[in-house]
Amino acid sequence: MELGRLEYLQALVTEFQVTDSPEAKQQVLANLANFAYDPRNYEYLRQLQVPDLFLDMLTEDNETLVEFAMGKDSILSASICLFL
């Protein structure tokens, strides 16, 4: 069975929420950021509260995740696109 777009994004969000691995979190955030560049995904990402997830990374204790969220092609940049 093939997952639809919304189901796939939900699976990514769930993976992010349940993993304890900072490397896995970083990879999932990168994947979500890539989806945020496609306007077809905006409604799904808002529905899954992905912008909040991105912004929460700015207060993370893990410096690597914070730096990743603030990078040039970053989660924060993608998140801002969702608010426009």
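Conventions we followed
- Residues numbered from 1 in each chain as written.
- Predicted model: local features only at pLDDT ≥ 70, side-chain atom pairs only at ≥ 80, totals over all residues.
- Heavy atoms only, no water.
- Salt bridge = Lys/Arg side-chain N within 4 Å of Asp/Glu carboxyl O.
- Buried < 20%, exposed > 50% of the residue type's maximum accessible area, 1.4 Å probe, protein only.
- Helix = DSSP H or I, 4+ residues; strand = E, 2+ residues; numbered from the N terminus.
- Phe/Tyr/Trp six-rings, centres within 6.5 Å; stacked < 30°, edge-to-face > 60°.
- Patch = residues over 30% accessible without salt bridge, like charges linked within 9 Å, V, L, I, M, F, W, Y side chains within 5 Å.
- Areas by Shrake-Rupley, 256 points an atom, 1.4 Å probe, with all protein chains shown as cover.
- Lys, Arg positive; Asp, Glu negative; His and termini not counted.
- Charge placed at Lys NZ, Arg CZ, Asp CG, Glu CD.

S.K.: Looking at this structure, how should I read the pattern of salt bridges?
M.R.: Two side chains that carry opposite charge are able to pair once their charged atoms sit near each other. As enumerated under the stated definition, the model contains 3 salt bridges in all. Between Arg 40 and Asp 38 there is a salt bridge, with the nearest N and O atoms lying 2.6 Å from each other. Using a relative accessible area of 57% as the deciding quantity, one classes Arg 40 as exposed. Across the salt bridge formed by Glu 43 and Arg 46, the nearest N and O atoms sit 3.9 Å from each other. In this pair, Glu 43 and Arg 46 are both assigned in helix H3 (residues 42-47), 3 residues apart and thus about one turn of the helix distant.

S.K.: What's the story with the packing of aromatic side chains in this structure? I'm lost.
M.R.: What describes a pair of aromatic rings is the distance from one ring centre to the other and the angle between the planes of the rings. The tally for this structure, following the rule as stated, stands at 1 aromatic pair. Here the aromatic rings of Tyr 8 and Phe 35 are separated by 5.6 Å at their centres, their planes lie at 50 degrees, and the arrangement is tilted. Taken together, the residues span a long stretch of sequence, with Tyr 8 in helix H1 (residues 5-18) and Phe 35 in helix H2 (residues 22-36) at a distance of 27 residues. You can call Phe 35 partly exposed: its relative accessible area is 22%.

S.K.: So what exactly am I meant to see when it comes to a negative patch on the surface here?
M.R.: On the surface, Asp 52, Asp 56, Glu 60 and Asp 61 cluster together to form a negatively charged patch. Counting through the fold element by element, Glu 60 comes out in the loop between helix H4 (50-56) and helix H5 (63-70).

So yeah, pure geometry; function would need other evidence.
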